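A look at the structure
What follows is each chain in one-letter form.
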Amino acid sequence: MREYSSLQFMLDDKVEAARERIIYAVTAYMDGIGMVPCGRESAERTVSFARIKGGWAVFDDCADRLDMHALHGLARCLTSGLHTKAVGIMGYRDGFILRLYCDGRLRDNFNSSPGSLSLSSKAMGCSGHAIRWRSILCENGSIRELSAAFAKSRRNPSEGFYDVCRLLSLDKSAEYGFSSIEDAKLEGVITLYFHTANCLRQRWLYRIFHYPVKCKGAAPSAFTKK
């Protein structure tokens, strides 16, 4: 499989100002880890999101480099701030990982090829209980079918992935990551750019170059829409 990562969270069409709430939640999360909005030319981390059937797809260039902690942090932030559920998807050479989040908490973790990706057991969390996913099963899906799809994924990750996505009603964009957003053919993609807050950024650059550096300020509403 390809190496990538993305996040899909469920948010009803009737939710008011969903786009603005997502921007606020992502910006608040970045602020908490010492990053602030900026222009594209000075970005150190970029997050994009777009409307999909049944919710929103979120893509993070940091998580796309198979950084599980980045994906975990963003997923907890969004599901907590928006009081909803989300599925984190990470594809890697030998298989894929799916993580179920509910209201800021990790509820379950499925890895099609346990042990093949160098992640700590603490980072991986609980493992592959189909019954824990019942709240996001498709209308005609069953726990038994999902359990069978999980088993199939351990034998053949590429084929099993599509069965699991169908049963969990995941959008086709679940096959893509930040580096392949264009291939997903999503409309109305919103992109947010962030870099380290000025005081922290200056200290970091000083440690490298040994002289003080002035950084440009960034408007708190910096984002682009394609």
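Keep in mind it's a predicted model, so treat the numbers as computed, not measured.

1. Description of the packing of helix H1 (residues 18-32) against helix H2 (residues 68-82)
Packing of H1 against H2 leaves a shortest axis separation of 9 Å and a crossing angle of 130°. Taken together, the axis directions place H1 and H2 in an arrangement best described as oblique. Here the hand of the crossing between H1 and H2 comes out right-handed. Along its contact with H1, which presents Arg-21, Ile-22, Ala-25, Val-26 and Tyr-29, the element H2 presents Ala-70, Gly-73, Leu-74, Cys-77, Leu-78, Gly-81 and Leu-82.

2. Structural notes on the confidence of the model for the protein chain
Mean pLDDT over the protein chain works out to 84, with 82% of the residues at or above the 70 mark. The low-confidence segment residues 208-222, where pLDDT is below 50, has 19 contacts with residues more than four positions distant or belonging to other chains.

3. Let's talk about the packing of aromatic side chains
By the definition in use, this model includes six aromatic pairs. Among the aromatic residues, ring-to-ring pairing joins Phe-96, Phe-110, Trp-133, Phe-150, Phe-161 and Tyr-162 into one connected group. Positioned above the aromatic ring of Tyr-4, the side-chain terminus of Arg-2 is 4.9 Å from the ring centre.

4. Observations regarding H2
An ideal rise of 1.5 Å per residue puts 21 Å on 15 residues; H2 measures up with 21 Å between its terminal C-alpha atoms. Among all positions in H2, only Met-68, Ala-70, Leu-71, Gly-73, Leu-74, Ala-75, Cys-77, Leu-78, Thr-79 and Leu-82 are buried. Measuring from the backbone nitrogen of His-69 back to the side-chain oxygen at the start of H2 gives 3.1 Å, which picks out Asp-67 as the cap. Looking one or two residues past H2, His-83 carries a phi angle of roughly 50°, positive in sign.

5. Details of unusual backbone geometry
With a phi angle near 60°, Leu-66 is a residue other than glycine that sits in the positive phi range. Tracing the sequence through the fold places Leu-66 in the loop between strand S4 (55-60) and H2. Unlike most non-glycine residues, Ser-169 shows phi in positive territory, near 60°. Relative to the assigned elements, Ser-169 resides in the loop between helix H5 (157-167) and helix H6 (181-184).

6. Focus on the pattern of salt bridges
For the coordinates displayed, the defined rule picks out five salt bridges. The salt bridge partner of Arg-19 is Glu-20, with a shortest N-O separation of 3.3 Å. The class of Arg-19 is partly exposed, set by a relative accessible area of 28%. A salt bridge links Glu-175 to Lys-172, with the shortest nitrogen-to-oxygen separation between them at 3.3 Å. Exposure remark for Glu-175: the relative accessible area of 17% places this residue in the buried category. Residue Lys-172 is classed as exposed on the basis of its relative accessible area of 53%.

7. Let's talk about the nonpolar core
Phe-9, Ile-22, Val-26, Phe-49, Val-58 and Leu-78 are the most contacted members of the largest nonpolar core, which totals 34 residues. Elements that contribute at least two residues to this core include exactly strand S1 (4-10), H1, strand S3 (45-52), S4, H2, strand S5 (85-92), strand S6 (95-102) and strand S8 (190-196). Apart from the residues lying within four places of it in its own chain, the contact partners of Leu-78 are Leu-7, Phe-9, Ile-22, Ala-25, Val-26, Val-58, His-83 and Thr-84. Counting residues in each nonpolar core, the second largest holds 23 residues, with Cys-102, Ala-130, Trp-133 and Ala-149 among its members.

What counts as what
- Residues numbered from 1 in each chain as written.
- Predicted model: local features only at pLDDT ≥ 70, side-chain atom pairs only at ≥ 80, totals over all residues.
- Heavy atoms only, no water.
- Axes fitted to C-alpha atoms, helices over the stretch in contact; angles between N-to-C directions.
- Helix = DSSP H or I, 4+ residues; strand = E, 2+ residues; numbered from the N terminus.
- Parallel < 35°, antiparallel > 145°, perpendicular 65-115°, else oblique.
- Left-handed = near helix turned anticlockwise from the far one by under 90°.
- Contact = heavy atoms within 4.5 Å.
- pLDDT = per-residue confidence, 0-100.
- Phe/Tyr/Trp six-rings, centres within 6.5 Å; stacked < 30°, edge-to-face > 60°.
- Lys NZ or Arg CZ within 6 Å of the ring centre and 35° of its normal.
- Expected span 1.5 Å × (residues − 1).
- Buried < 20%, exposed > 50% of the residue type's maximum accessible area, 1.4 Å probe, protein only.
- Polar contact = N/O pair within 3.5 Å; in protein donor to acceptor, adjacent residues only side chain to side chain.
- Salt bridge = Lys/Arg side-chain N within 4 Å of Asp/Glu carboxyl O.
- Core = buried A, V, L, I, M, F, W, Y, C linked by side-chain atoms within 4.5 Å.

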